[in-house]
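What the coordinates show
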Amino acid sequence: MRFLLLYATQKGQAKAIAEEIWQQAGAHGFEADMHCMSEMDKYNLETEKDPVVIIISTTGTGDPPDTARKLVKKIQDTTLPPDHFAHLQYGLLGLGDSEYTFFCNGGKIVDRRLQELGAQRFYDTGLADDCVGLELVVDPWIDGLWHALKEVFLLQKEKEGMNSAVDAVSNSLSAAPHVVHELNLSSEVQNLKLEDEGVKSSGVLSQKLVDISLVASNRDTEASLVHSVPPISQSALNIPALPPEYIEVHLKFSCPLFQNPRLFSLISEGRAFEVPVTKAVQLTREDAIKTALLLELDIADTAFEYQPGDAFCVMCPNNVSEVEELLRILELSEKREYFVCVKVKQGTKKKGAARPQHIPERSTLKFILTWCLEIRATPKKAFLRALVECTSDVGEKRRLQELCSRQGASDYTRFIRDPNVCLLDLLHAFPSCKPSLNLLIEHLPKLQARSYSASSSNLYQPGKLSFVFSIVEFAACPTRPVSRKGVCTGWLAELVAPQLHANRNTVDTNGGSCSTEKISIFARPNNAFHLPEDPSVPLMMVGPGTGISPFIGFLQHRQKLREEHTDWEFGETWLFFGCRHQDRDYLFKDELRCFLENGTLNHLKVCFSRDSSSAAEVAPPKYVQDVIRLHAKEVARVLLKERGYFYVCGDKKRMADGVSDAVVDILSMEMEADKLEAMKFLATLREAKRYLQDVWS
């Protein structure tokens, strides 16, 4: 009984889930014909008679993944008749992150269009949220998929009048769960054979594990990354199937003439540019809670182009000391400069196995761990399951099994996902775990370039590109004994530290100094977060903290346009800015004063969340959403009467959601409508690209 299994992925999650479904299908009596959605020569939805299962993620600001674009474009053809897919039965699982406005929009676009073209759902659409853990929806959705598929085939057989076949199908499928249970049990027993070769009974093995976990819980009555407590410590576990190995790695001594590939070859998104850092300025005082830096890049000799509001990507390496520590634990320190040869393992059971495209054909081990693999990535459950096989200590093995099991879902979230535990943390916590290099290449994702908003205008500063960032800090915690800085922000801060140090010891009216340090960047154009084409349209900008970054570019651009086009009409400009302390982290204070004085900025509304206000009779607003509420009439006028634009940049959960709530309340009051009507109106503003967000979680 065949079904078509399609996936569209951006970073590999949808593919991993599709592979899990493909692996489970056989045990349930099905055959999954799995393809990436981009492989349109290998499947045809126009003629597909079997059920179709679709796993699709979301990227950018709510777009389908790159691998789905061709199919999405095809099905969005407006000339297609409404019964074009009347023959099609499908089930869809969308992946997304509720931190972002257009949650699971990639899946919703495909789901909605298939419905419009007459396709029928044989199974309810699932929407999994990476913000709280994809597995909370993914696991039960997969569990229910098999019964839904069974019903489809039973109905088909009934229509064909093949009652005898119905009985056979029903009997075979009803037996499938027992088969799966036996597989889980045998897998668990197999994992434990090394612990006691003399013990033959699985019951004795299970009891042995319970005793071990009870001893551990006596040492530490609180659950932790390495310790479990009842009931999970006494439970039989449903653990995932062991992912098939598919990579073969050989290390060869590299000759002196050997060179690692250029960084430009590691990206597929377009052209990269290596550019010098010409200025580095610390925007915050030393005693500020967060340190914000401004870096200026020289792009004059490149073909790099951008508009205010665009973002761009910085290619960054992993932390040098973390790479060295990983090499030490893997006992590969002496082979760091060895040439790595990666091949697909002959006879692997992995469907569509291929050498990962982000691993160069000719590079050293140190280069791969530094520039190609995201060693800080939070390990997925499939990776934990594979690490079980590399762990010799019985207690550590059991705990890793718990963390990747169905019963351990909450422990996985609490001790791995939420604290952003990475591979190094696991290897320190479970010292008997010694993974092979091929396992790391199979399971660690590609090291992603980091995205930043431009905080300059090429019209105002030709040949220059500036950006602002706060140095990300991850404090030490029980699951991570050492503090860490963000991969990219920590690297950039270290890179420009000599410039910053020189600036503190010399009088520099430009706020920076020339440098020979270079970084590699590539464009990531933003198709929406731009100034209005009509300069007479009013705009309101909300950007607390480093969220002010793109608006500095907006104001620079607007100032230059005002200078060059004195006969143009320009709409009024508002900026709502907030920070913790007026004297510590008020970014671009002097520049904003200049914009006010020359009329580029008409209204600047600020707030300071940590400054004391004991002398004030009425407490001043703490956050930008509070300031916005104080100017409800003006907000309503700009949005309702003057067709203005409203921009929000910064933190999603703690700020952007509060701002949108404030705007909804203002619209509801001014329109004299209920909250639902106001929310609908805000949705129309979003659709019209007049309420725009550039937010991060």
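The rules we used
- Residues numbered from 1 in each chain as written.
- Predicted model: local features only at pLDDT ≥ 70, side-chain atom pairs only at ≥ 80, totals over all residues.
- Heavy atoms only, no water.
- Helix = DSSP H or I, 4+ residues; strand = E, 2+ residues; numbered from the N terminus.
- Buried < 20%, exposed > 50% of the residue type's maximum accessible area, 1.4 Å probe, protein only.
- Contact = heavy atoms within 4.5 Å.
- Areas by Shrake-Rupley, 256 points an atom, 1.4 Å probe, with all protein chains shown as cover.
- Axes fitted to C-alpha atoms, helices over the stretch in contact; angles between N-to-C directions.
- Parallel < 35°, antiparallel > 145°, perpendicular 65-115°, else oblique.
- Nonpolar A, V, L, I, M, F, W, Y, C, P; charged D, E, K, R; others polar.
- 1 Å grid on protein atoms, 1.4 Å probe; cavity = no way out; pocket = protein on both sides within 12 Å on 5 of 7 lines; lining within 4 Å.
- Points joined across faces, edges and corners; volume = space filled by probe spheres on them.
- Salt bridge = Lys/Arg side-chain N within 4 Å of Asp/Glu carboxyl O.
- pLDDT = per-residue confidence, 0-100.
- Pairing = 2+ DSSP bridges.
- Polar contact = N/O pair within 3.5 Å; in protein donor to acceptor, adjacent residues only side chain to side chain.
- Left-handed = near helix turned anticlockwise from the far one by under 90°.
- Phe/Tyr/Trp six-rings, centres within 6.5 Å; stacked < 30°, edge-to-face > 60°.
- Lys NZ or Arg CZ within 6 Å of the ring centre and 35° of its normal.

1. Observations regarding the overall build of the protein chain
Within the protein chain one finds 20 helices and 22 strands. Within the protein chain, buried positions represent 51% of all 697 residues. Partitioning the intrachain contacts of the protein chain with sequence separation of at least 6 by distance along the chain shows that 77% fall at a separation of at least 24. Total accessible area on the protein chain stands at roughly 33,000 Å², and carbon and sulfur atoms take up 50% of it.

2. With respect to the packing of helix α18 (residues 632-641) against helix α19 (residues 652-671)
Contact geometry for α18 and α19: axes closest at 9 Å, N-to-C directions at 80°. It follows from the interaxial angle that α18 and α19 lie roughly perpendicular. In contact with A632, K633, V635, A636, L639 and L640 of α18, α19 contributes V663, I666, L667, M669, E670 and M671. Tallied by class, the residues present in the contact of α18 with α19 amount to ten nonpolar, no polar and two charged.

3. What about unusual backbone geometry?
In this structure, P231 follows P230 across a cis peptide bond, with omega equal to 10°. As for its position among the elements, P231 is in the loop between α6 (202-219) and β7 (247-252). Non-glycine residue E331 carries a positive phi angle of around 60°. Tracing the sequence through the fold places E331 in the loop between α7 (320-329) and β11 (339-344).

4. Overview of helix α8 (residues 365-372)
Burial analysis of α8 places six of its eight residues in the buried class, the great majority of the element. Considered for burial, the residues of α8 that qualify are L365, F367, I368, L369, T370 and C372. For α8, the secondary structure elements touched by its buried residues are β7, α7, β11, β12 (363-364) and α13 (437-443).

5. Thoughts on the layout of surface pockets
Rolling a probe over the atoms, with the probe sized like a water molecule, indicates the empty space that remains. Approximately 660 Å³ is the volume found for the second largest pocket. Along the wall of the second largest pocket there are 28 residues; nearest its centre are V281, L283, F588, D590 and E591. Breaking the lining of the second largest pocket down by element, the ones donating at least two residues are β8 (272-282), β9 (292-298), α15 (549-564) and α16 (589-597). Take the lining of the second largest pocket: its biggest share by element is five residues, from α16.

6. Considerations on the pattern of salt bridges
Under the definition given, this model contains 40 salt bridges. For E296, the salt bridge goes to K464, with nearest N and O atoms at 3.9 Å. With E296 in strand β9 and K464 in strand β14 (residues 464-470), the pair connects residues that are 168 residues apart, well separated along the chain. The buried category is assigned to E296, whose relative accessible area is 8%.

7. Examining the confidence of the model for the protein chain
Summarising the model, the protein chain shows a mean pLDDT of 87, and 88% of its residues fall at 70 or more. Low pLDDT, under 50, characterises residues 175-219; the stretch is placed with 45 contacts to residues that sit more than four places away or in other chains.

8. Observations concerning the sheet that holds β7
Note: strands within a sheet are paired through backbone hydrogen bonds, in either parallel or antiparallel orientation. Reading across the sheet, the three strands line up as β7-β11-β12 and stay open at both edges, with antiparallel pairing between neighbours. Either end of the sheet is taken by a strand with one partner, and the two such strands are β7 and β12. Sheet topology places β7 next to β11; six bridges connect them, and they run antiparallel. In the strand pairing of β11, K252 is matched with F339.

9. Some words on the environment of P308
Position of P308 among the secondary structure elements: in the loop between β9 and β10 (311-315). In sequence terms P308 and I552 are 244 residues apart; their C-alpha atoms lie 8.6 Å from each other. Dropping the residues within four chain positions of it, P308 is found in contact with S456, S457, F529, H530, G553, F554 and H557.

10. So, the side chain of E402
By secondary structure assignment, the location of E402 is in helix α10 (residues 394-404). On the accessibility criterion, E402 (0% relative accessible area) is buried. In terms of polar contacts, E402 uses its side chain to reach the side chain of S228, at 3.0 Å. The residues contacting E402, other than those within four sequence positions of it, are S228, I232, S233, L237 and G408.

11. Let's talk about the packing of helix α1 (residues 13-25) against helix α4 (residues 135-159)
The N-to-C vectors of α1 and α4 enclose an angle of 35°; their axes lie 11 Å apart at closest approach. The element α1 and its partner α4 pack so that their crossing is right-handed. Here I17, E20, I21, Q24 and A25 of α1 lie close against α4, whose contacting residues are V138, W141, I142, L145 and W146. Of the residues that constitute the contact of α1 with α4, the class distribution is eight nonpolar, one polar and one charged.

12. Let's talk about the sheet that holds strand β13 (residues 450-453)
Ordered by their spatial adjacency, six strands build an open sheet running β13-β10-β17-β8-β9-β14, and the pairing between neighbours is antiparallel. Among the strands making up the open sheet, the edge pair consists of β13 and β14. Looking at each pair of strands side by side, their axes are set apart by 40° on average, direction ignored. In the sheet, β8 pairs with strand β17 (residues 518-524) via five bridges, with the strands oriented antiparallel. Considered in β17, the bridge of V275 is made with I519.

13. Looking at the environment of I239
Position of I239 relative to the elements: it lies in the loop between α6 and β7. Owing to a relative accessible area of 5%, I239 belongs among the buried residues under this scheme. Taking the C-alpha atoms as reference points, I239 and E402, 163 residues apart in sequence, are found 7.8 Å from one another.

14. Re helix α11 (residues 409-417)
Of all the nine residues making up α11, seven are buried; the element is thus mostly covered by neighbouring parts of the structure. Among the residues making up α11, those that are buried are A409, D411, Y412, T413, F415, I416 and R417.

15. Regarding the packing of aromatic side chains
One pass over the full model with this rule turns up 26 aromatic pairs. Summarising the aromatic geometry, the rings of F3 and F30 are spaced 6.2 Å apart at their centres and angled 75° between planes, so their arrangement reads as edge-to-face. A residue pair is termed long-range when its members are at least 10 positions apart, and F3 in strand β1 (residues 2-8) and F30 in the loop between α1 and β2 (31-36) qualify at 27 residues. With relative accessibility at 6%, the residue F30 sits in the buried group. Grouping aromatic residues by their ring pairs yields a cluster made of F273, F304, Y306, F312, Y452, F467 and F469. Over the ring of F339 we find R362; its NZ or CZ atom is 4.9 Å from the centre of that ring. It is K381 that lies over the ring of Y412; its NZ or CZ is 5.3 Å from the centre.

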